[in-house]
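# Secondary and tertiary structure notes
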Amino acid sequence: ELNIGFFKNILGGIIRNIHFDEVNVIISVSEANNTWDAFNLGVLAGRINEYTDITNVSVSGNISVTSSYSGDIGGIAGETNRVTMDKIESDISISAQGRVGGIVGRSYESTFTNVYANVSLQVKKESYIGGLFGEISSSKLSNAYTTGIITLPDNLQNVYGYGSIAGYAWSNTV
């Protein structure tokens, strides 16, 4: 699986006080084994795994995926698993498809406190798209909010899921 970000993959660690201003990420995935789950993309990290603690991180800018492949795309991280985030801000414009969120594309068993996203999200085809998370499951969320706009194409046949907080949410504590 392809992981794209300032850090490709973070496994256990502490990240503090990192701020990315006016980023411009343009990517085209030309080949993948799975067209739906081809990559993880976030400004901080493509994927953040197990027992990582992230505090006071912010992102502003743009992410554009120009290929037809879908992935997990978020302003901060593409995918998180058993991660703790506190004081996280994202002011991001994303054009992509898959699981798309202003903070994280897809999250499992993670804890988010004091998170905010101002988003302009545009999808090209069927996707899970949310102001904070494309998909979030078995996670805890507190003091979180989002502002902005989600744009769906006029010719979209099916909408998998979209919402101001998450495109898909399952078994979470809010």
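In short, a report on the structure. (Residues numbered from 1 in each chain as written. Predicted model: local features only at pLDDT ≥ 70, side-chain atom pairs only at ≥ 80, totals over all residues. Heavy atoms only, no water.)

## Observations regarding the overall build of the protein chain
Looking only at helices and strands, one finds zero helices and 14 strands in the protein chain. In terms of overall dimensions, the protein chain is globule-like: its C-alpha atoms have a radius of gyration of 14 Å, near the 16 Å expected for 174 residues. On the principal axes, the C-alpha backbone points of the protein chain span a range of 40 × 30 × 30 Å. A buried classification covers 51% of the 174 residues belonging to the protein chain. Across the protein chain, the fraction of contacts at a sequence separation of at least 24, relative to all contacts at a separation of at least 6, is 83%. When the accessible surface of the protein chain is split by element, carbon and sulfur atoms take 45% of a total near 8000 Å². With 10 positive and 16 negative side-chain charges, the protein chain shows a separation of 5 Å between the mean positions of the two kinds. (Helix = DSSP H or I, 4+ residues; strand = E, 2+ residues; numbered from the N terminus. Rg over C-alpha atoms; globule rule 2.2 N^0.38 Å. Buried < 20%, exposed > 50% of the residue type's maximum accessible area, 1.4 Å probe, protein only. Contact = heavy atoms within 4.5 Å. Areas by Shrake-Rupley, 256 points an atom, 1.4 Å probe, with all protein chains shown as cover. Lys, Arg positive; Asp, Glu negative; His and termini not counted. Charge placed at Lys NZ, Arg CZ, Asp CG, Glu CD.)

## With respect to the environment of L11
Mapped onto the secondary structure, L11 falls in strand β2 (residues 7-27). Sequence-wise, L11 and D21 are 10 residues apart; in three dimensions their C-alpha atoms are separated by 24 Å. Beyond its immediate chain neighbours, meaning those up to four positions away, L11 contacts N49, E50 and T52.

## Topic: the pairing of strand β9 (residues 111-123)
Of the strand pairs in this sheet, strand β6 (residues 77-96) and β9 are connected by 12 bridges, and their pairing is parallel. Bridge pairing in β9 links D91 to N118. Alignment of β9 against strand β12 (residues 140-151), held across 11 bridges, turns out to be parallel. Within the sheet, the bridge partner assigned to Y116 lies in β12 and is Y145. (Pairing = 2+ DSSP bridges.)

## As for the nonpolar core
Grouped together as the largest cluster of nonpolar side chains are 43 residues, with contacts concentrated most on L44, I48, I54, I73, I76 and M85. For this core, the secondary structure elements donating two or more residues are β2, β3 (39-42), β4 (45-65), β6, β9 and β11 (133-137). In contact with I48, other than residues within four places in its own chain, are N9, I10, I54, A77, E79, T80, N81, V83 and M85. (Core = buried A, V, L, I, M, F, W, Y, C linked by side-chain atoms within 4.5 Å.)

## What to know about the sheet that holds β3
In space, the six strands of this open sheet follow the order β1-β3-β5-β7-β10-β13, with parallel pairing throughout. In this open sheet, the two edge strands, each paired with only one partner strand, are β1 (2-4) and β13 (161-163). Across the sheet, the mean angle from the axis of one strand to that of its neighbour is 5°, orientation sign disregarded. Where strand β5 (residues 71-74) and strand β7 (residues 98-101) come together, four bridges link them in parallel fashion. Pairing of G71 across the sheet is with G98, part of β7. (Axes fitted to C-alpha atoms, helices over the stretch in contact; angles between N-to-C directions.)

## So, the environment of Q157
Secondary-structure assignment places Q157 in the loop between β12 and β13. Between the C-alpha atoms of Q157 and K125, which are 32 residues apart in sequence, the distance is 8.3 Å.

## Examining the packing of aromatic side chains
This model, assessed by the stated rule, comprises six aromatic pairs. Their ring planes at 90° and their centres at 5.1 Å tell us that F6 and F7 sit as a pair that is edge-to-face. When its relative accessible area of 57% is taken as the criterion, F6 is described as exposed. You can call F7 partly exposed: its relative accessible area is 30%. Between the aromatic rings of Y128 and Y160, the centroid separation amounts to 5.5 Å while the plane-to-plane angle is 40°, which identifies the pairing as tilted. In this pair, Y128 sits in strand β10 (residues 128-130) while Y160 sits in the loop between β12 and β13, placing the two residues 32 residues apart along the sequence. Under the relative-accessibility criterion, Y160 is labelled partly exposed at 44%. (Phe/Tyr/Trp six-rings, centres within 6.5 Å; stacked < 30°, edge-to-face > 60°.)

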